[in-house]
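# Examining the three-dimensional arrangement
Listed below are the residues making up each chain.
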Amino acid sequence: MTIRMDQLIKALTTALDIVEGELLGASSMHGKRVAVLSGIMGLRLGMWDEELRALTICALLHDNALTEYIASELDGEEHDAAMKSHCEIGQRNVNTLNFKTNYSDFVLYHHERPNGAGSFQKREGEFSTGAAIICIADTLDVINHLQRVRVERLPEIHRYIESGAGTLFTREAAEAMLGILDENLLETLKDENIEAATLKFIPAWYAEMENEVIINLATFFTHIIDYKSKFTRKHSTQIANRAWLMACRYGYPLSTCTEIYLAAALHDLGKLAISSSILEKPGKLDDEEFEIIKSHVYKTWEMLKDIEGFEEIHLWASNHHEKLNGAGYPFGKKAEELDFVSRLLACIDIYQAVSEERPYHAGRGHRETIGILQDMARKGFIDRNITEDLNKMLLDFDGRDVPPPDLEAFRKARKTLV
Ligand SMILES: [Fe+2]
Ligand SMILES: [Fe+2]
Ligand SMILES: [Fe+2]
Ligand SMILES: [Fe+2]
């Protein structure tokens, strides 16, 4: 399957930047700004082609494990340990992108300092130029909010970089930053210009993806989305796993099972842009809050709509709250506009939401969950046949999580059938 990776990653970054602003008070469009700064520095230091692409994409996604990091802090992990896992998980996630260059520490060591004061106590020479570039771009944006810094502060920022060379920043990265940070660059980094600058540094990137890679990539998305709220830690993961299981049991070919898995993984992408205080509110939501929650699916639709190669995936992902009788949202589509996979994902989403624990209800077992779905099917909201298929096919997982896709097992099972 060919995917426009640059568009997909930009969609994810837009969502991540919103979360980062909400959870950490980071400057708006932080990931994009760090990516543009890193791209310009990389060029200055002679990076090109795949290495430059790996650098800018890693810079865009340098805080991709942000939601997991916040979660581990909330779980009582020490700040240093949480910081370390933020770097480790972040690198593990970008490793799925399989760049053909060595980028093994670009995210892992993006908080390392040449004086050994970083989470892994690495020193100058023990981490790559890529990691050092992301580190200085990140630090400067976090401290100065570069999207709105006044030009008069430039000399002060230059002095700060000079004084940090060799301790806070590698000398190489500090020199590169000093060489590019001027009035023009500050203009480029403003909110109104950063999108265009990002497009320039991350040009069209068509990637022919193997099924394995797509599955890893989709799983990476589920981690980020699920960690947005402690009540949905396994929501997208389980929906994706259940969708995979159902697709396999329906006998779809591997490529279709993979696409269904990806659509399921992305269905709640828009939730990243919804405030956690609403997502986690105990008790009943008022009308306005409910409307805000509902807007997540329109946001999913919007984030995925322009991605080349995603025509079906985009529809499957964003139809999950539509109902056969037109009572769903965001578009109030009718039965004839909802294909089989859209109906399947809608049923699985309800199954998962009803069966998992939420602020307003405890978890439920298979029979009780299916009872609720059957009632909805009787009233014309969801597909009756798919509900009965779920009843049969998910019975053996009663109360237990469905495991992630196993391609080996898939191939073996299909061979046996042949
Ligand atoms: Fe970070
Ligand atoms: Fe950052
Ligand atoms: Fe949803
Ligand atoms: Fe959902």
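Computed from a predicted model, the values in this text were never measured in an experiment.

### Thoughts on the overall build of the protein
Counting its regular elements, the protein contains 20 helices and two strands. Scaling as 2.2 N^0.38, a compact globule of 418 residues should have a C-alpha radius of gyration of about 22 Å, and the protein matches this with 23 Å. C-alpha atoms of the protein, sized along the principal axes, occupy 70 × 55 × 40 Å. Looking at the protein as a whole, 47% of its 418 residues qualify as buried. At a minimum sequence separation of 6, the contacts of the protein that also span at least 24 residues come to 70%.

### Comments concerning the nonpolar core
One finds C58, I136, A243, I260, Y261, A264 and C347 to be the most contacted residues of the largest nonpolar core, which totals 115 residues. When we break this core down by domain, the ones giving at least three residues each are domain 1 (2-206) and domain 2 (209-417). With near-sequence residues (within four places) excluded, Y261 lies in contact with I215, A218, A240, A243, W244 and P405.

### Focus on the domain arrangement of the protein
The domain boundaries assigned to the protein delineate domain 1 (2-206) and domain 2 (209-417). With centres defined by C-alpha atoms, the gap from domain 1 to domain 2 works out at 32 Å. The leading source of residues in the side of domain 1 that touches domain 2 is helix α1 (residues 5-24), at ten residues. Across the side of domain 1 that touches domain 2, the residue classes break down as ten nonpolar, eight polar and three charged.

### With respect to helix α11 (residues 211-226)
Across its 16 residues, α11 extends 22 Å between first and last C-alpha, which sits within 8% of the 22 Å expected from 1.5 Å per residue. All of the buried residues in α11 are I214, I215, L217, A218, T219, F220, F221, T222, I224, I225 and D226.

### Side note on the environment of F169
Within the element layout of this structure, F169 appears in the loop between α7 (154-164) and α8 (171-180). For F169, a count of 27 C-beta atoms within 10 Å puts it in the buried group. As a C-alpha pair, F169 and K10 span 159 residues in sequence and 27 Å in three-dimensional space. Discounting chain neighbours no more than four positions away, the residues touching F169 are A132, C135, I136, I161, G164 and A174.

### A word on helix α13 (residues 254-266)
Helix length check: α13 (13 residues) gives 18 Å between terminal C-alpha atoms against 18 Å at 1.5 Å per residue, within 8%. The element α13 is largely enclosed, with a buried count of ten among its 13 residues. For α13, every residue scored as buried is listed here: C257, T258, E259, I260, Y261, L262, A263, A264, A265 and L266. Among the structural elements, α11, α12 (235-250), α15 (287-304), α16 (311-318) and α17 (340-355) are those in contact with the buried residues of α13.

### Some thoughts on the packing of helix α2 (residues 30-44) against helix α10 (residues 191-201)
At a minimum axis separation of 9 Å, α2 and α10 run at an interaxial angle of 45 degrees. As the angle between them shows, α2 and α10 are arranged oblique. Crossing geometry of α2 relative to α10 is assigned as left-handed. Here α2 contributes K32, R33, A35, V36 and G39 to the contact with α10, which in turn contributes I194, A197, T198 and F201. Here the contact of α2 with α10 is composed, by residue class, of five nonpolar, two polar and two charged.

### With respect to the packing of α12 against α13
At a closest axis distance of 8 Å, the pairing of α12 and α13 adopts a crossing angle of 155 degrees. With respect to each other, α12 and α13 are oriented roughly antiparallel. You can see that α12 and α13 cross each other, and the crossing is right-handed. In contact with S236, I239, A240, A243, W244, A247 and C248 of α12, α13 contributes T256, C257, I260, Y261, A264 and A265. Its residues assigned to classes, the contact of α12 with α13 shows eleven nonpolar, two polar and no charged.

### A look at unusual backbone geometry
Cis geometry marks the peptide bond from Y329 to P330; its omega dihedral reads 10 degrees. By secondary structure assignment, the location of P330 is in the loop between α16 and α17. Even without being a glycine, D49 presents a positive backbone phi close to 55 degrees. Take D49: it is sitting in helix α3 (residues 49-60). Residues other than glycine seldom take positive phi values, yet N98 does so here, at roughly 55 degrees.

### Regarding the environment of L394
Considering the arrangement of structural elements, one finds L394 in the loop between α19 (384-393) and α20 (407-417). Along the backbone, L394 and H366 are 28 residues apart, and their C-alpha atoms lie at a distance of 7.7 Å. Sequence-distant contacts of L394, that is, excluding residues within four places in its chain, are made with R242 and H366.

### What about the environment of I18?
Mapped onto the fold, I18 is located in helix α1. Taking the C-alpha atoms as reference points, I18 and L168, separated by 150 residues in sequence, lie 27 Å from one another. Beyond its immediate chain neighbours, meaning those up to four positions away, I18 contacts L272 and A273.

Reading guide: rules and limits
- Residues numbered from 1 in each chain as written.
- Chains lettered and ligands numbered in written order.
- Predicted model: local features only at pLDDT ≥ 70, side-chain atom pairs only at ≥ 80, totals over all residues.
- Helix = DSSP H or I, 4+ residues; strand = E, 2+ residues; numbered from the N terminus.
- Rg over C-alpha atoms; globule rule 2.2 N^0.38 Å.
- Buried ≥ 20, exposed ≤ 12 C-beta atoms within 10 Å, placed from the backbone.
- Contact = placed C-beta atoms within 7 Å.
- Core = buried A, V, L, I, M, F, W, Y, C linked by C-beta atoms within 7 Å.
- Domains from an automatic or database assignment.
- Nonpolar A, V, L, I, M, F, W, Y, C, P; charged D, E, K, R; others polar.
- Expected span 1.5 Å × (residues − 1).
- Axes fitted to C-alpha atoms, helices over the stretch in contact; angles between N-to-C directions.
- Parallel < 35°, antiparallel > 145°, perpendicular 65-115°, else oblique.
- Left-handed = near helix turned anticlockwise from the far one by under 90°.

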